[in-house]
Amino acid sequence: LTVGWTVTGQDSNVRRQQYACDITYSTAREVVFDYLKDLPHRSRGQNDLLNRSSRLQNENDPQNQPLLRGLCFALVDEADSIFLDEATTPLILSKPGQSTVTEADYRVALRIARTLDEDLHYHRHESGRGYVLSIAGESRVEQASAKVGGLWNVSRFRRFIATQALVALHDYHRGQEYVVRNDKVEIIDLNTGRIAEGRQWNNGLHQLVEIKEQCEVSPQNETIAQITYQTFFPRYLKLGGTSATVREAAPEL
C-alpha cells in the first residue's frame, strides 16, 4: 500500500499525488477545504457519466483535475470532537472580493458604537448572539451619521453596521477569540486553541476588529462555498471513527 499526507502550504500537484495514494493522512479541515476547492470540477445538474467523461477529457491538464479522487472511506480520530463538538461550525472557502463598504464606513461605525449605552441604545439579541438597537439607539446612530452620506442614508445599513461594530467591541477579545501578530488580527480556533491560518470573519466583522486593534485593514473576502462537518462526512461511502472518550457520547452519535 502507498501512503501519503497533506499539510497546509503544499502545491496543488503535490496534493493530488498525496490523495492518489492508497492511504492519505490529513486533518479534517484540510480535506474539507480541498473538497470545496473541487466543487467547480463537479458540474451541477450533470449525471455521474457526464462528469466522468469531462474528467477524462481533461486528464492531460493537471490544473483541471480535482484534488480528491472521491470520498470512499474515512477513519476519523477524535470522532466525538469532529462529529459533535465541531459538527455545525461552517467551513467557508473565500477569496478577496470587492465590497461597497469602505474602511471609512467601518471607522465611522466604531466611533458611533463607542458612544452607545447598553439598555438605553441597544440590548443583546434574545438568541444570545449579536445586538439589537432600540428606537433611541437607531435615532442616535442616524443623527451621528447624518453628515456622512452614502450607505449611511439607508436605515437597514445603519442598523447592520452599528450592531456589527458593537459585536467587535464587546464580544471579541484579544487573547480569547484572536491574537495580533505582525500587525495582523489572527483568529483563534476555539475548538483547538490554535491559530486558524488564513481565516477571516465575514460581514465586515474582521475589518472592524482590525480597526479596533489599530491594525492594517485587510480586503473583505467573498464567500465561494461553505459546508459543515455534519454535512460533509456522511458523503463518504464508508465512515468510521475512534476516540478515547467516545463511549460517553454514544447516545448523541
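Residues numbered from 1 in each chain as written. Predicted model: local features only at pLDDT ≥ 70, side-chain atom pairs only at ≥ 80, totals over all residues. Heavy atoms only, no water.

Engineer: Describe helix H8 (residues 205-212), with residues and values.
Structural biologist: For H8, the tally of buried residues reaches 8 of 8 residues, placing the bulk of the element in the interior. Residues of H8 that are buried include every one of Leu205, His206, Gln207, Leu208, Val209, Glu210, Ile211 and Lys212, and no others. Where H8 is buried, its residues touch helix H5 (103-113), helix H7 (155-170), strand S7 (178-181) and strand S8 (184-187). Of the residues flanking the end of H8, it is Gln214, one or two places downstream, whose phi is positive at about 60°. (Buried < 20%, exposed > 50% of the residue type's maximum accessible area, 1.4 Å probe, protein only. Helix = DSSP H or I, 4+ residues; strand = E, 2+ residues; numbered from the N terminus. Contact = heavy atoms within 4.5 Å.)

Engineer: Give a detailed account of the environment of Leu93, specifying residues and quantitative values.
Structural biologist: Here Leu93 shows up in strand S4 (residues 91-96). In this structure the C-alpha to C-alpha distance between Leu93 and Ser139, which are 46 residues apart in sequence, comes to 37 Å. Contacts of Leu93, omitting those with residues within four sequence positions, involve Phe33, Leu36, Lys37, Glu222, Thr223, Ile224 and Ala225.

Engineer: Summarise helix H2 (residues 28-38); cite the residues concerned and give the values.
Structural biologist: Summarising burial for H2: 9 of the 11 residues are buried, a large majority. What H2 keeps buried is the set Ala28, Glu30, Val31, Val32, Phe33, Asp34, Tyr35, Leu36 and Asp38. On its buried side, H2 packs onto helix H1 (12-19), helix H4 (79-85), S4, strand S9 (221-227) and helix H9 (229-232).

Engineer: Talk me through the nonpolar core; I want residue IDs and the actual numbers.
Structural biologist: In terms of nonpolar packing, the biggest core is built from 33 residues, with Trp152 and Trp201 touching the most fellow members. Ranked by residue count, the leading element in this core is H7, at 8 residues. Those residues in contact with Trp152 that lie beyond four places of it in its chain are Asp105, Val108, Ala109, Ile112, Val141, Ser145, Phe157, Arg158 and Ile161. In this structure, Phe33, Leu71, Ile82 and Ala225 belong to the second largest nonpolar core, which totals 21 residues. (Core = buried A, V, L, I, M, F, W, Y, C linked by side-chain atoms within 4.5 Å.)

Engineer: Please set out the pattern of salt bridges residue by residue, giving values where relevant.
Structural biologist: A side chain of one charge can pair with a side chain of the opposite charge when the charged atoms of the two come close. In the structure shown here, the tally under the stated rule is 10 salt bridges. In this structure, the salt-bridge partner of Asp34 is Lys37, at a minimum N-O distance of 4.0 Å. Taken together, the positions of Asp34 and Lys37, both in helix H2 and 3 residues apart, correspond to about one turn of that helix. Linking Arg174 and Glu213 is a salt bridge whose minimum nitrogen-to-oxygen distance equals 3.1 Å. Here Glu213 lies in the loop between H8 and S9 and Arg174 lies in the loop between H7 and S7, a separation of 39 residues in the sequence. Linked by salt bridges that have partners in common, Arg15, Glu30, Asp34 and Lys37 make up one network. (Salt bridge = Lys/Arg side-chain N within 4 Å of Asp/Glu carboxyl O.)

Engineer: Please provide a residue-by-residue account of a nonpolar patch on the surface, values included.
Structural biologist: A surface patch of nonpolar side chains, about 680 Å² in accessible area, is lined by Leu1, Val3, Trp5, Val7, Ile23 and Tyr25. Contributions of two or more residues to the nonpolar patch are made by strand S1 (3-5) and strand S2 (23-25). For Trp5, the position within the fold is in strand S1. (Patch = residues over 30% accessible without salt bridge, like charges linked within 9 Å, V, L, I, M, F, W, Y side chains within 5 Å. Areas by Shrake-Rupley, 256 points an atom, 1.4 Å probe, with all protein chains shown as cover.)

Engineer: Lay out the environment of Leu205 in plain terms, naming residues and giving numbers.
Structural biologist: One can find Leu205 in helix H8. A relative accessible area of 7% places Leu205 in the buried class. Taking the C-alpha atoms as reference points, Leu205 and Asp11, separated by 194 residues in sequence, lie 30 Å from one another. Residues contacting Leu205, with those up to four places away along its chain left out, are Gln164, Val167, Ala168 and Tyr172.

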